[in-house]
Structures are given as structure tokens and as C-alpha cells.
Amino acid sequence: MEANICNIQKFSLHDGPGIRTVVFFKGCPLRCRWCANPESQERALGTGQDLGGRRACLKEVLEACLQDKPFYEESGGGVTLSGGEALLWPDFALALLQALRQKGIHTALETTGFADPKAFQSVAGETDYFLYDMKHWDSPRHREGTGVDNRLILENLRWAIAAGKEVLPRIPVIPGYNDSLSDAAGFCRRLLEAGAKRVQLLPFHQLGEQKYVLLGRDYAYKDVPALHPEELETYRQAFQQQGIDAFF
Ligand code: SF4
């Protein structure tokens, strides 16, 4: 079994609990205008937008993940599937998660949530922890910013929480797109409807800009300044006031 991957990153501390290996899959169903990983958007290789992407077989990816098992055990870590969107490779993702779990390794999925509910639920059965991104609470605005509406995303989020999965919703806070107090109120409504009690806020940064240069693509957020937690304290408080634990 094979999949296209961007890379495998070791010793990550920001993609779930403990020390983790992160497998970045190629291909994403969204086209976020602020995307910091534009090289991960195309599922296919050889499009001139790979920046090191390659074909990898299940055995090879599994072996790379297993190399750091002692670190996972020591730190309470494990393996995170990310992208792009790992759910664009549902059979590979499922087989990898199953194999990892059979070895006693904690599994996480960093996801857009934009996936067929059947595929989502099947992969969810082998996933211990979700990093679940929400880009906008309003469907037309979601489509404006990402190219797709948010119906499937909210449906899968509701299902995962109702199924008792451990889910951390995350909002990339994007200047002029979803950073107003009325946006915070809209997100709160969606989170409460889904049964979420906490959310991580990810302030917009410019770390992807150089990749657009390498890819020869225009970057819609080229001159937009980064956001910082101290500028978003009132925004964060708006979640707290609705009973949602919001943190950076
Ligand atoms: S979901 Fe992530 S990888 Fe996909 S386009 Fe948006 S920011 Fe980029």
C-alpha cells in the first residue's frame, strides 16, 4: 500500500501530547487563502509543487514511526497523521493507524474534518486524539476563505465528540477573516452545538511565505502582519465568557 507524503517529521512537540512523529500527507480538499503549507495542497506528485514530496509505502512509513517508540513511551507521545489532509488517503491512513496501535503507540489525526463521514468514522476508530481545525463558523464565509463549505466539517466534529473521542478543536485566527468579536461569538455557537468545551487559538503567522516564492505562486496574505496572543486577549475572553476554555 502506498501514499504520497510531503515528509515525516520527528521530535515534534506541537502536534498532540508528548514527543511525536508527524506524517504529512500530500493533498488537501481545502484551498485556504492563508495556507502556510501550499506544497501539501496537491495530492499528486510531479505537479511542480512538491518541494520534496514523494511516494512512500506503508512498511517504510511504519518503520520510520517505530524508530522513536522509546521517546513516545518516555514522553506520553506517539504518531500524528497530518497534511494536507490524511483522510484523502483513507485506506493507507487506516492501515497505518491500526499497525501503530497494534504496537501500543498513541495515535493522533490533525484534520480539516472535510471528509466523507464513513471514511472519517472508520479512521476515527483507530485514532486516540484529534487536532480538529475550524476555519470559519459561517458556511458562505468558510467557502470564501477555503473553497468549501463547513457542513461536513461540523457534522464530523459533532460525531467525534458525541462518540466520546478526545478532540481538540483549533481555530487559525486570520486577520480580517475570522478575528472579530462577532466571529468569536459565531465560533462559540458552533462549538457549543458540537459539545466542545475547549479550543486552541492559532494566531496567523507568515511562516509559509517563502514556500510561495519557491513555488512561484502568489500569496494572498503576503504583506499581512502576523497576529500575536497579546492582541487576541479580548477575542480569547469572548470564548471564556461562553464557557469555552480558549488558549493559545
Ligand atoms: S487545510 Fe491546511 S493544508 Fe489545507 S489548504 Fe488549508 S491551511 Fe493549507
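Residues numbered from 1 in each chain as written. Predicted model: local features only at pLDDT ≥ 70, side-chain atom pairs only at ≥ 80, totals over all residues.

Visitor: Which residues make up the overall build of the chain, and what values do they have?
Guide: The secondary structure content of the chain amounts to nine helices and nine strands. Relative to its length of 248 residues, the chain is compact, with a C-alpha radius of gyration of 18 Å against a globular reference of 18 Å. Dimensions of the chain, computed from C-alpha atoms along their principal axes, come out at roughly 45 × 45 × 35 Å. Counting only contacts in the chain whose residues sit at least 6 apart along the sequence, the fraction spanning at least 24 positions is 73%. (Helix = DSSP H or I, 4+ residues; strand = E, 2+ residues; numbered from the N terminus. Rg over C-alpha atoms; globule rule 2.2 N^0.38 Å. Contact = placed C-beta atoms within 7 Å.)

Visitor: Please set out the nonpolar core residue by residue, giving values where relevant.
Guide: Core analysis: the largest hydrophobic core is formed by 60 residues, its most contacted members being Val23, Phe25, Ala93 and Val123. With six residues, the top contributor of residues to this core is helix α3 (residues 90–102). Each residue touching valine 23, except ones within four places of it in the same chain, is listed here: Ile5, Ile8, Val61, Val79, Leu81 and Ser82. (Core = buried A, V, L, I, M, F, W, Y, C linked by C-beta atoms within 7 Å. Buried ≥ 20, exposed ≤ 12 C-beta atoms within 10 Å, placed from the backbone.)

Visitor: Any chance you could break down the site of the ligand for me, citing the residues and the numbers?
Guide: Every residue lining the ligand is accounted for by Cys28, Leu30, Arg31, Cys32, Cys35, Asn37, Ser40, Gln41, Gly83, Gly84 and Thr112. In terms of residue class, the shell around the ligand is built from four nonpolar, six polar and one charged. (Near = placed C-beta within 6 Å. Nonpolar A, V, L, I, M, F, W, Y, C, P; charged D, E, K, R; others polar.)

Visitor: Lay out helix α7 (residues 181–194) with the relevant residues and their values.
Guide: Over its 14 residues, α7 runs 20 Å from end to end, which matches the ideal 20 Å to within 8%, given 1.5 Å per residue. Those residues of α7 not exposed but buried are Asp183, Ala184, Phe187, Cys188, Leu191 and Ala194. Viewed end-on, α7 has its buried residues packed into an arc of 145°, placing them on one side of the element. Away from the buried face of α7 by more than 90 degrees, exposed residues Ser182, Arg189 and Glu193 are located. Turning to α7, the residues buried within the fold contact α6 (151–162), β7 (166–173), β8 (198–203) and α9 (233–241). Looking one or two residues past α7, glycine 195 carries a phi angle of roughly 85°, positive in sign. (Expected span 1.5 Å × (residues − 1). Arc of directions from axis to C-beta.)

Visitor: Got a sec to walk through the pairing of β7? Specific residues and values, please.
Guide: Across five bridges, strand β6 (residues 129–133) lies against β7 in parallel orientation. Within β7, the residue paired with aspartate 133 across the bridge is arginine 170. Inspection of the sheet shows β7 paired to β8 by four bridges, in the parallel sense. Residue pairing for β8: proline 172 is matched across the bridge by leucine 202. In this view, the connection linking β7 to its parallel neighbour β8 by way of α7 has right-handed handedness. (Pairing = 2+ DSSP bridges. Right-handed = clockwise from strand over helix to strand, strands pointing away.)

Visitor: Describe the environment of leucine 81, listing the residues and the values that go with them.
Guide: Mapping leucine 81 onto the fold places it in strand β4 (residues 78–82). Judged by local crowding, leucine 81 falls into the buried class, with 30 C-beta atoms found within 10 Å. Along the sequence, leucine 81 and threonine 111 sit 30 residues apart, while their C-alpha atoms lie 8.2 Å from each other. The contact partners of leucine 81, leaving out residues within four places of it in the chain, are Val23, Phe25, Ala86, Ala93, Leu96, Leu109 and Glu110.

Visitor: Hey, could you go over the sheet that holds strand β2 (residues 20–25) for me, with residue numbers and the actual values?
Guide: Sheet strands associate in pairs through backbone hydrogen bonding, adopting either a parallel or an antiparallel arrangement. Spatial ordering of the open sheet is given by β3-β1-β2-β4-β5-β6-β7-β8-β9, a layout of nine strands whose pairing is mixed. A single partner strand is all that each edge strand has here, and the edge strands are β3 (54–57) and β9 (245–247). Taking each pair of neighbouring strands and ignoring which way they run, the sheet shows an average axis angle of 30°. With five bridges connecting them, β2 and β4 associate as parallel partners. (Axes fitted to C-alpha atoms, helices over the stretch in contact; angles between N-to-C directions.)

Visitor: Go over the packing of helix α1 (residues 58–66) against α3, please, and point to the residues and values.
Guide: α3 packs onto α1 with a crossing angle of 40° between their chain directions and a minimal axis gap of 10 Å. One way to sum up the angle between α1 and α3 is to call them oblique. You can see that α1 and α3 cross each other, and the crossing is right-handed. Note on element contacts: α3 touches α1 through Phe92, Ala95, Leu96, Ala99 and Leu100, opposite Leu58, Val61, Leu62 and Cys65. Each residue belonging to the contact of α1 with α3 can be placed in one class, and the counts come to nine nonpolar, no polar and no charged. (Parallel < 35°, antiparallel > 145°, perpendicular 65-115°, else oblique. Left-handed = near helix turned anticlockwise from the far one by under 90°.)

So, to be careful, I would describe these as geometric facts and stop short of saying anything about function.
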